Amino acid sequence: MSRIGRMPIAVPAGVTVEIAENNHVTVKGPKGTLDRVLPIEMEIKQEGEEIIVTRPNDLKRMKSLHGLTRTLINNMVVGVTNGYTKELEVNGVGYRASKSGKVLTLNLGYSHPVELEDPEGLESKVDGNKITISGIDKEKVGQYAAEIRDKRRPEPYKGKGIKYADEVIRRKVGKTGKK
């Protein structure tokens with residue numbers, strides 16, 4: 001039995017979960033509304049203040065979908081109550097980030113500034129060399145953070161680039177001169 005899949009999802013006060021046909025789940029909360037179509041093989045039931053996900057049989061595909069479905073619903077519930085944030089750090093001489101309106105401007109040592117517009121439902125803040133991305137959809141927050149990081153990934157020799165705040169860069173020793 002899937003250890004994650006069989007855990008019930010607690011629905012906090014102020015959050016409503018609607019399960020329509022074909023497993024179209026809509027979660028409404030204080031921060032907004034999320035909806036998603038989940039695998040139709042899984043059975044999603046609301047019992048009081050809990051949501052329980054069950055699988056029809058023990059095929060490998062059903063086992064893998066069981067934990068996934070439960071986690072996706074849980075991420076939606078957490079998103080509409082607390083929201084999600086990702087923090088990025090800009091390291092390097094002359095590397096800067098600035099924000100004007102919905103446009104994030106990055107100076108990353110290229111001949112031109114890189115401009116990114118915040119996607120719908122996401123918000124980015126710049127504080128010195130830190131960029132904070134926040135939103136209610138975990139998937140979108142992570143995707144936008146990854147796109148920003150991809151503009152200049154951290155390199156192992158000087159540690160320059162954009163990295164996640166909790167990321168550890170494995171440093172390498174540079175070349176040594178002739179003797």
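What comes next concerns the included structure. Values in this document were obtained by computation on a predicted structure and should not be read as measured data. (Residues numbered from 1 in each chain as written. Predicted model: local features only at pLDDT ≥ 70, side-chain atom pairs only at ≥ 80, totals over all residues. Heavy atoms only, no water.)

**Let's talk about the environment of Ala97**
And then number 1: Tracing the sequence through the fold places Ala97 in strand β8 (residues 96-100).
And then number 2: Residue classification places Ala97 among the buried positions, given a relative accessible area of 13%.
And then number 3: Note: C-alpha distance between Ala97 and Asn129 (32 residues apart in sequence) is 6.7 Å.
And then number 4: Apart from residues lying up to four places away in sequence, Ala97 is in contact with Val90, Thr105, Leu106, Val126, Gly128 and Ile131. (Helix = DSSP H or I, 4+ residues; strand = E, 2+ residues; numbered from the N terminus. Buried < 20%, exposed > 50% of the residue type's maximum accessible area, 1.4 Å probe, protein only. Contact = heavy atoms within 4.5 Å.)

**Some words on the pairing of strand β9 (residues 103-107)**
And then number 1: Bridge count between β8 and β9: 5 bridges; the pairing is antiparallel. If you follow Lys99 over to β9, its bridge partner there is Leu104.
And then number 2: Connecting β8 to the antiparallel partner β9 that follows it, the hairpin turn spans 2 residues, and Gly101 within it adopts a positive phi of roughly 70°.
And then number 3: In this sheet, strand β10 (residues 114-117) lies alongside β9 in antiparallel orientation, the contact comprising 4 bridges. Pairing of Leu104 across the sheet is with Leu116, part of β10. (Pairing = 2+ DSSP bridges.)

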